[in-house]
Amino acid sequence: MGIPIKAPIVHEDVAKTQYRANNCAAVILDIVSVLCVLLLPLLVGFSMGRFWETHSTFSAGATATFTGKAMARAVATDGTEYLWATSERLKQALESDERAMRPFYSHFADDRNRDGRPDVHTFSFVIPLRTAAPIARFELLPAFNYSFFTDVLDVDMESAPLVALSADVPTVGAVLVGDGKLKFAQTRPLSASLWTRYDIVYKRSYLDDVRDTSDISNLAAYARRYNARNETTPVEEIVAFQSTDTSRYGPSILHGVADAPTCGVELTIRVPPARVDYRPSFGEALKHGWVQYFCIAYVFYWAFGHIKGFAVTQALVDTIAEVRGRR
């Protein structure tokens, strides 16, 4: 004895009356309405844009910690070159080099916005001059440990931006002042995939490759290698000017070089929040996409439900009416 197979229910009204398909037309109407409810929201969502996120951005508070490694190069108006580095190996090499610069140097990190992370780094130099020619150009390449950690992705890397300051009218005894922002930059969007990590790459400092004093003379070469990376932190929006006010250095620093010509440099590097472009993971794209899909699909579900109900109750398609609870 076979099991009876009932025709599918294609509509049910508020009076609990069920309408079963009596021919292919009713079944086709039911299938078409279901497909429209499922597929049309995708078409509408993609046509409206930003339905499935393939690119997004976020801002994160970045931490930039000075590692104590730095190199500097200064050029006077007469072409005299001054070289300086914090590496012990290079310090020994510079002892016998006439280009050695022996400045009074200090670095100060400050947390201006009180968020627990240093956001302002100030580098100060007082450079004793070997000749009467003032400093016309000053280049500094400091090394930072730059990082930020978010729910989307983590970045932890070594940063070595080159900062160059030039004086319009170089003057002996003047202070060359510079102010810039250490910004996070990238050549292509990062990936928020679980299988991609940005806290284990770029952990090696470029300053470790310096072997002799001739490398300090070509800091631009290191800058080109550094800028070839995908993630960098260039110092941008630099404002530079000269000041004849040397009182900021205090008498203790100037003591002992009062009879020698000097030039000062004060560079302030600010650390703004990092703005990151990235490709969302599948889970993140789905999290935002399904909400839009559901909202659009509900409208089509309501519309096609009424269209199908009208076609069935007005006998535009052949169906069999059954009242629930009766046979």
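You'll find the structure just up there.
Computed from a predicted structure; not experimentally measured. (Residues numbered from 1 in each chain as written. Predicted model: local features only at pLDDT ≥ 70, side-chain atom pairs only at ≥ 80, totals over all residues. Heavy atoms only, no water.)

Enquirer: Just to check I follow, could you spell out the layout of surface pockets for this structure?
Expert: Rolled over the atoms, a probe with the dimensions of a water molecule shows which regions are left empty. Empty space within the second largest pocket amounts to approximately 170 Å³. Of the residues assigned to the lining of the second largest pocket, the class counts are five nonpolar, four polar and four charged. (1 Å grid on protein atoms, 1.4 Å probe; cavity = no way out; pocket = protein on both sides within 12 Å on 5 of 7 lines; lining within 4 Å. Points joined across faces, edges and corners; volume = space filled by probe spheres on them. Nonpolar A, V, L, I, M, F, W, Y, C, P; charged D, E, K, R; others polar.)

Enquirer: What is the right way to look at the pairing of strand β17 (residues 274-279) in this model?
Expert: A regular strand carries its side chains on alternate faces of the sheet. Of the two faces of β17, the one holding Ala274, Val276 and Tyr278 is buried and the one holding Arg275, Asp277 and Arg279 is not buried anywhere. Sheet analysis places strand β3 (residues 56-60) next to β17, joined by five bridges and oriented antiparallel. Residue Ala60 lies in a different strand from β17, and its bridge partner there is Ala274. The pairing of strand β13 (residues 190-191) with β17 spans two bridges and is classified as parallel. Within the sheet, the bridge partner assigned to Ser191 lies in β17 and is Arg279. (Buried < 20%, exposed > 50% of the residue type's maximum accessible area, 1.4 Å probe, protein only. Helix = DSSP H or I, 4+ residues; strand = E, 2+ residues; numbered from the N terminus. Pairing = 2+ DSSP bridges.)

Enquirer: Help me out: how do you make sense of the nonpolar core in this one?
Expert: Soluble globular proteins: nonpolar side chains tend toward being buried together. If you look at the biggest cluster of nonpolar residues, it comprises 44 residues, and the most contacted ones within it are Phe138, Leu140, Tyr146, Phe148 and Phe184. Apart from the residues lying within four places of it in its own chain, the contact partners of Phe148 are Phe58, Ala60, Gly61, Ala62, Leu153, Asp154, Val155, Phe184, Ala274 and Val276. In terms of nonpolar packing, the next biggest core, distinct from the first, is built from 15 residues, Leu83, Leu141, Val210 and Ile216 among them. (Core = buried A, V, L, I, M, F, W, Y, C linked by side-chain atoms within 4.5 Å. Contact = heavy atoms within 4.5 Å.)

Enquirer: So what exactly am I meant to see when it comes to the sheet that holds β13 here?
Expert: Within a sheet, adjacent strands bond to each other through the backbone by hydrogen bonds, running parallel or antiparallel. Within the open sheet, the three strands sit side by side as β3-β17-β13. Their pairing is mixed. Among the strands making up the open sheet, the edge pair consists of β3 and β13.

Enquirer: Is there a simple way to explain helix α6 (residues 282-313) in this structure?
Expert: Because each turn of an α-helix spans 3.6 residues, side chains separated by three or four positions in sequence point in the same direction. Over its 32 residues, α6 extends 44 Å from the first C-alpha to the last, a length consistent with the 46 Å expected when each residue adds 1.5 Å. Taken residue by residue, α6 has Glu284, Ala285, Gly289, Ile296, Ala297, Phe304, Lys308, Gly309, Ala311 and Val312 as its buried positions. Where α6 terminates, the next one or two residues include Ala315, which has phi positive at roughly 60 degrees. (Expected span 1.5 Å × (residues − 1).)

Enquirer: In this structure, what is going on with the packing of aromatic side chains? I would like to understand it.
Expert: A ring pair, where both rings are aromatic, is described by two values, the distance of the centres and the angle of the planes. According to the stated counting rule, one finds 14 aromatic pairs in the structure shown. Relative to Phe123, the ring of Phe66 has its centre 5.1 Å away and its plane inclined at 85 degrees; by these criteria the two rings are edge-to-face. Here Phe123 lies in strand β7 (residues 120-128) and Phe66 lies in strand β4 (residues 63-76), a separation of 57 residues in the sequence. A relative accessible area of 0% places Phe123 in the buried class. Their ring planes at 50 degrees and their centres at 4.8 Å tell us that Trp84 and Tyr105 sit as a pair that is tilted. Taken together, the residues span a long stretch of sequence, with Trp84 in strand β5 (residues 81-85) and Tyr105 in strand β6 (residues 104-110) at a distance of 21 residues. (Phe/Tyr/Trp six-rings, centres within 6.5 Å; stacked < 30°, edge-to-face > 60°.)

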